[in-house]
Structure formats: structure tokens, C-alpha cells
Amino acid sequence: MSAEVVLYDHLVHPRLLRHARANAETIDVGGAAPQPQQQEAICYLLAEKAREGKVVARLKWGDPFVFDHGGAEALFLHEQGVRFEVVPGVPAGLAAATYAGVPLTYPGAGDTLTFVRGHEDEGKTRASVDWTSLARLDGTIVCYAGPEQLPHMLNALISHGRPPDDSAALIYNGTLPTQETIVGSLGEIARATKQDHGRRPAILVVGRVAALREHLRWFDARPLFGKRVLVTRPREQAAEFVELLESLGAEAIEAPFIRIAPPDDFRPLDRACAEVERFAWIVFSSVNAVETFMSRLQASPLDVRALKGIKLCTIGAATAARLAAYGVKVDLVPAEFRAEAAAQAMGDVRGRHVLLPRADIGREVVADELRRRGAEVTEVVAYRTIASDFGHDGEPDIYRMLLEGRIDVVTFTSPSAVRNFTKVFGAEPSADLLRTTVVASIGPVTAEAALQSNIHSTVVPGEHTTSALARAIVEYFSKAQP
């Protein structure tokens, strides 16, 4: 993304901001329907940043020109002589209804679709609507219902002739993992709203199409919908796991407790790459080891052809898959996916040279076992795992979320993630925080590291991959259903 400044509504998903440049200035300008004074300030801020010669992006909630202030902001920029372009989005009313499984139009459900405004001024000013004409239309009505306006809208529709037994759906937090949908008759929705003291904004859909939700709901029918899952995996490796969890309906909260860093000195690894042909075996214990080794090999005068004749062993299917991405086939993947199993599976290694690229704090079990069996083992540090810093603005308060029971599952995909988790929060507090939380460890080695800190793993998949971990979490909650 080329923007040097990003102004965004706080309803914009935080993951979108990761597409911004690393040095971009990001500014949260609040709600999607700010007060007039706040809106004026936003307009001036947009113009000011543009006049500084910066590329400015304005991220809006929904479509910028549908019941939003995008038109007012664009007009202000026009008056100030600032060039701009507008990228259309999906209107919130349409998106929320779709995510709730409510088609806004359907054969036999009427020939009109009407959108009614109700968010501006935080809903304190009642929408000016011809309720009598609107109530008599044979079709679907979609109301952007501000928290103060919602009861008035419902009562106005009924009092002006809309049948109380007409179908309706009330959608809170539409398209978000916290989405909540209430379906019933218009009269039932009106009565339920009077008892709702939370005063939350919502999308109200009135019409026969609302009854179709029972058959078309999909978003909140996914197996992990409503579950918050903490992902402690390094951010550069978490994307696939996060996408998988979200496809299953979970809200993935990224809080990498470790990050991967280069070794302090690449020379030992570079020497191993230069002399790679002298090794009979190379044992890769992680995806990170593969990535670093292959990148240094390709940066040298050699390439993957230098691995011809060398047997390759990986700990885990994911590590083997990463080697396959380089066009290299693996000779051995121990069935148990444990480092200790590699030495036994490799057979007779007496007098054979074995290379083991590993982390700076890697376990020495496999190397010690290979040496005991007579192998000559060369260990080189391929990467470092270091604790991530926490407490930056905009990051989730993981400690408070755990303390308040707002995280359903904590996932660990390596022993180092467990160690740094306990380092950040303390050993005893960590055990207390996770005592009533589902802990999902990717394999027995990680589960053992957690147990050493008195953290008991509830979920440990038989296959030690993130996809298997996600499936095991789904299975756990499916069995836990009453």
C-alpha cells in the first residue's frame, strides 16, 4: 500500500491496517457516525495531511457514499482543491444481512427494497421518514438503527400499519465474529428491544425475507463461531493458521509471544552450506530451519543440486512440505513427529556425518542420541527465537482478556512459545490464568513444556500440524456441546 497516512473508523478490522506501509501513520478517528464537530475535524485532518504532500487513505465502515460521511469528506476536499479518488465498498446493511443469512430480495417477497438512515448524531435525531407510506410498501425495509432510534423505528412501523406478525431480523455487530442475530415477528422484536438496556446500534431487516435465515444462515453456523482463539505463533508464520481458524468461525487474536530473528553470526551456517556435500544426513527440526538453511544455500555459489545424494529428515509434515516447496523431496519423516524418534528412524548412522540446523535454544536430544549411536553431528544455529515485546498501543490486552475469561482457547505451537508466555506473565500467574481456559498444544513436546509450568493441555492432536490442531479444537467443542 502506498499510503503514508491512514485514517480509519474503529470498526475497520485491524488486520486491514497490516497492509499499510511499516512507517505509515495510522489514526483512529472513532465511530462511523461521529458528531458534527468530530466530522469537521476529520475533514480538516484529511486536507492537512494531503497538503503536507502525503498520500492519505481514508478507511470507512461499509460503503463511503451510503449513509456515511464519505460524500461530505470528498466534497470538503474538492472545495479545498485536494485531489481524491473513491473506492466503493459493501454497504453495511447489505453485508450484515448477508452474513446473517437474510437475502434482501427474493421472488415473492415484494418488489421494493428500502434503506432507512438512523445512525447520524449517534441516533439522537429521529430519522425524517414517511412511515405511513413506508409501512405500506410490499417489500423489504433495512434500517440503520442507531441505539436511541431503534425503539422509535420499530414502534413507528407498527403504529403506521406494518403488520406486527411480519418477519424481522435484528443484527448486532454484523460481519464480525461477535455477530448476534435475533429473528422473530416485528412485534416480538419490538418487545425484546424494550428489554435491551445495552443500547447497541444494529441493522434491522423487516420483511418476509427475514424468515429465510433459518435455512440460509451460514456465518454463525460454523463450528468455532463465537470462540476467541489466542494464536501465540510468530506473526510471520501465523497467517495460514489464523485464516483457517477464521474460516471455521473463530475470532483469532494474534499475540506472538516469540519472534524469529537471524543468528548472531551466519558464518557457521554458511560454512556448513559450503561443505554440504560431506554430510550423509541433514535433519531439519522446524520450518524456520528449512527457510534459513535454504536461503543461505541459495545465496551461496551452490543451489539445491548440492543436496543430491544427501538424505533429508524432517520433524513433522509441515517441515517436509516447506522443503517440498523448494522442489526437494524428503527421505524420512518420523511417524511420531518427535525429535527423539528421528535418531532411531535413521537407522545405522555409525561414522556418518549429520548436519543439524536448529534454533539457538533448540533441544539437544536428537543430537545427543545420534552421537550415542556413533554419528558425527555438526550443530549450527540457523535462527534465534526471542520474546516479543508487549504493551504497544492498539495491541490486545491479553492479560486482562484471560483474567476476564474472554479467551476460549490458547494455542501453543512450540515449547519456546510456552516459555515466553510464562516469562511475560510469570510462571504461577500463567498457570492460574490458563486453569479455566482450553489450552491446545500442537504436539507432546509442546504439551510437556507447558506441563513443566503446571499448564495442562486440553487438546493435543495426533498429527502435529496447525491444520490438525484446528481440527482437534473443533472436535473438542463439538463433544463439549450439551
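Caption draft 1: Quick peek at the pattern of salt bridges. Overall, the coordinates contain 32 salt bridges when judged by the stated rule. Between Arg 18 and Glu 254 there is a salt bridge, with the nearest N and O atoms lying 2.4 Å from each other. Taken together, the residues span a long stretch of sequence, with Arg 18 in the loop between strand S1 (5–8) and strand S2 (25–28) and Glu 254 in strand S10 (residues 251–254) at a distance of 236 residues. Looking at Arg 18, the relative accessible area reads 43%, which means it is partly exposed. One salt bridge in this structure joins Asp 265 and Arg 267, with 3.0 Å as the shortest N-O distance. When its relative accessible area of 31% is taken as the criterion, Asp 265 is described as partly exposed. Arg 267 sits in the exposed class, given a relative accessible area of 57%. Connected through shared salt-bridge partners, Asp 9, Arg 58, Lys 60, Asp 68 and Glu 73 make up one network.

Caption draft 2: Focus on the packing of helix H10 (residues 287–299) against helix H11 (residues 317–324). Two elements in contact, H10 and H11, have axes separated by 8 Å at closest approach and are oriented at 20°. Between H10 and H11, the crossing angle belongs to the class labelled roughly parallel. The handedness of the crossing between H10 and H11 is right-handed. Along the contact surface, H10 presents Val 287, Val 290, Glu 291 and Met 294, while H11 presents Ala 318, Thr 319, Arg 322 and Leu 323. Here the contact of H10 with H11 is built from residues that sort into five nonpolar, one polar and two charged.

Caption draft 3: Summary view of the packing of helix H1 (residues 36–51) against helix H2 (residues 70–79). Their axes nearest at 10 Å, the elements H1 and H2 cross at an angle of 45°. The orientation of H1 relative to H2 falls into the category oblique. Where H1 crosses over H2, the two elements pack in a sense that is right-handed. From H1, Gln 39, Ile 42, Cys 43, Tyr 44, Leu 46 and Ala 47 reach across to H2, where they touch Ala 72, Glu 73, Phe 76 and Leu 77. Of the residues contributing to the contact of H1 with H2, the split by class is eight nonpolar, one polar and one charged.

Caption draft 4: Inspection of the sheet that holds strand S11 (residues 258–261) at higher detail. If you trace the five strands from one edge of the open sheet to the other, you get S11-S15-S14-S12-S13, paired in mixed fashion. If you trace the sheet from one side to the other, it starts and ends with S11 and strand S13 (311–314), each paired once. Strand after strand, the sheet turns through a mean of 25° between neighbouring axes, direction not considered. Where strand S12 (residues 281–284) lies against strand S14 (residues 353–359), two bridges are found, and the strand directions are parallel. From the neighbouring strand, Ile 282 faces S14, where its bridge partner is Leu 355. Each of S14 and strand S15 (376–387) is contacted by helix H9 (residues 267–274), which is oriented at about 140° to S15, the strand it contacts most.

Caption draft 5: Examining a nonpolar patch on the surface more closely. Judged by side-chain polarity, Phe 65, Phe 84 and Val 86 come together as a nonpolar surface patch covering roughly 280 Å² of accessible area. Tracing the sequence through the fold places Val 86 in the loop between H2 and helix H3 (92–99). Residue Val 86 is classed as partly exposed on the basis of its relative accessible area of 37%.

Caption draft 6: Just the nonpolar core, in detail. In terms of nonpolar packing, the biggest core is built from 23 residues, with Ile 282, Phe 284, Phe 293, Met 294 and Leu 307 touching the most fellow members. Looking at this core, the elements with two or more residues in it are H9, S12, H10, S14 and S15. The leading source of residues in this core is H10, at five residues. Setting aside anything within four residues of it in sequence, one finds Met 294 in contact with Val 304, Leu 307, Leu 323, Tyr 326 and Val 328. One finds Leu 224, Val 229, Ala 250 and Val 409 within the second-largest nonpolar core, a separate group that totals 21 residues.

The rules behind each value
Residues numbered from 1 in each chain as written. Predicted model: local features only at pLDDT ≥ 70, side-chain atom pairs only at ≥ 80, totals over all residues. Heavy atoms only, no water. Salt bridge = Lys/Arg side-chain N within 4 Å of Asp/Glu carboxyl O. Helix = DSSP H or I, 4+ residues; strand = E, 2+ residues; numbered from the N terminus. Buried < 20%, exposed > 50% of the residue type's maximum accessible area, 1.4 Å probe, protein only. Axes fitted to C-alpha atoms, helices over the stretch in contact; angles between N-to-C directions. Parallel < 35°, antiparallel > 145°, perpendicular 65-115°, else oblique. Left-handed = near helix turned anticlockwise from the far one by under 90°. Contact = heavy atoms within 4.5 Å. Nonpolar A, V, L, I, M, F, W, Y, C, P; charged D, E, K, R; others polar. Pairing = 2+ DSSP bridges. Patch = residues over 30% accessible without salt bridge, like charges linked within 9 Å, V, L, I, M, F, W, Y side chains within 5 Å. Areas by Shrake-Rupley, 256 points an atom, 1.4 Å probe, with all protein chains shown as cover. Core = buried A, V, L, I, M, F, W, Y, C linked by side-chain atoms within 4.5 Å.

Function cannot be inferred from these measures alone, as they are strictly geometric.
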